[in-house]
Amino acid sequence: MGRPERFVLIAGGSVLAVVVLAVALIVALGGPEKANYDPATPEGVVQRYLEAIRRGNADAARELLSERARQQIDTDGGWALYRPGPIGDNRLVTVERTEVAGDRATVWLRVEDSSDSGLSLERYSWTMTIPLVREDGDWLIDDPYVVWF
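The structure presented is a predicted model; accordingly, all values stated were derived computationally and were not measured.

## What to know about the overall build of the chain
Each helix and strand in the chain was counted, giving 4 helices and 4 strands. Secondary structure elements of the chain, listed N to C terminal, follow the sequence α-α-α-α-β-β-β-β. Scored against the burial criterion, the 149 residues of the chain give a buried share of 29%. Across the chain, every contact between residues at least 6 apart in sequence was considered, and the portion connecting residues at least 24 apart equals 46%.

So this is what it looks like as structure tokens:
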């Protein structure tokens, strides 16, 4: 085996080793860690609400809505109109930022959805805002429509 062939084998082996190492690190490190917010903060209320939706617990989700939002649900014909389907494992929701002004707050979420269409992995992302209001000292989601994602 000549010098050029040996060089190609060594370079190819090195590239393969780097790729194998990168894949091993990705598998070992796993996905992003779940943030844990104080349940009394606007971010914590949104997190608890999304967890209730993820588990399919409509009662727990409804308890995190403001009085105005619950009245709107009742006036419009019930929770079934607002309740989303389960949040899939291919959806990543992260808090981008939060603004608090007195008894009102807004939480901006970044939602990333990936779908496997066979040959490629497609990613879609969007930002949604969640309005909250403080009632009796607790932060509550003030719009039942925010669940549609």
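Resuming the write-up.
## A few points about the nonpolar core
Grouped together as the largest cluster of nonpolar side chains are 21 residues, with contacts concentrated most on Val46, Tyr49, Leu109, Ile130, Leu132 and Ile141. The leading source of residues in this core is helix 2 (residues 42-55), at 6 residues. Ignoring any residue separated from it by four or fewer positions in sequence, one finds Val46 in contact with Val107, Leu109, Ile130, Leu132 and Ile141.

## Observations concerning the side chain of Arg70
Position of Arg70 among the secondary structure elements: in helix 4 (residues 67-76). Of the residues examined, Arg70 reaches a relative accessible area of 19% and is grouped as buried. In contact with Arg70, other than residues within four places in its own chain, are Arg62, Glu63, Leu65 and Glu135.

## Observations regarding the pattern of salt bridges
Scanning the entire structure with this criterion turns up 7 salt bridges. Between Arg70 and Glu67 there is a salt bridge, with the nearest N and O atoms lying 3.3 Å from each other. Taken together, the residues Arg70 and Glu67, both in helix 4 and 3 residues apart, mark about one turn of the helix. Across the pair Asp103 and Arg134 runs a salt bridge whose closest N-O atoms are separated by 3.3 Å. With Asp103 in the loop between strand 1 (91-101) and strand 2 (104-116) and Arg134 in strand 3 (residues 121-135), this pair connects stretches of sequence that are 31 residues apart. Exposure remark for Arg134: the relative accessible area of 33% places this residue in the partly exposed category.

## Some points on helix 4
Within the sequence span of helix 4, burial applies to Ala69, Arg70, Gln72 and Ile73. What you see down the axis of helix 4 is that its buried residues fit within an arc of 155°, all on one side. Positive backbone phi, approximately 115°, marks Gly77, located one or two places after helix 4.

## Quick notes on the side chain of Gln47
Inspection of the secondary structure assignment puts Gln47 in helix 2. Discounting chain neighbours no more than four positions away, the residues touching Gln47 are Lys34, Ala35, Asn36 and Tyr37.

## Quick look at unusual backbone geometry
A positive phi angle, near 50°, is found at Asp136, a position not held by glycine. Along the chain, Asp136 falls in the loop between strand 3 and strand 4 (138-141). In this structure Asp136 comes out as exposed when scored by relative accessible area, which is 82%.

## Description of helix 2
With 14 residues, helix 2 extends 20 Å from end C-alpha to end C-alpha; this agrees with the ideal 20 Å at 1.5 Å per step. Most of helix 2 sits inside the fold, with 10 of its 14 residues counted as buried. Phi turns positive, to about 80°, at Gly56, one or two residues after helix 2.

## Some remarks on the environment of Val133
Here Val133 shows up in strand 3. As a C-alpha pair, Val133 and Val100 span 33 residues in sequence and 9.6 Å in three-dimensional space. Those residues in contact with Val133, other than ones at most four positions away along the chain, are Ser66, Asp103, Arg104, Asp138, Trp139, Leu140 and Asp142.

Rules used in this analysis
- Residues numbered from 1 in each chain as written.
- Predicted model: local features only at pLDDT ≥ 70, side-chain atom pairs only at ≥ 80, totals over all residues.
- Heavy atoms only, no water.
- Helix = DSSP H or I, 4+ residues; strand = E, 2+ residues; numbered from the N terminus.
- Buried < 20%, exposed > 50% of the residue type's maximum accessible area, 1.4 Å probe, protein only.
- Contact = heavy atoms within 4.5 Å.
- Core = buried A, V, L, I, M, F, W, Y, C linked by side-chain atoms within 4.5 Å.
- Salt bridge = Lys/Arg side-chain N within 4 Å of Asp/Glu carboxyl O.
- Arc of directions from axis to C-beta.
- Expected span 1.5 Å × (residues − 1).

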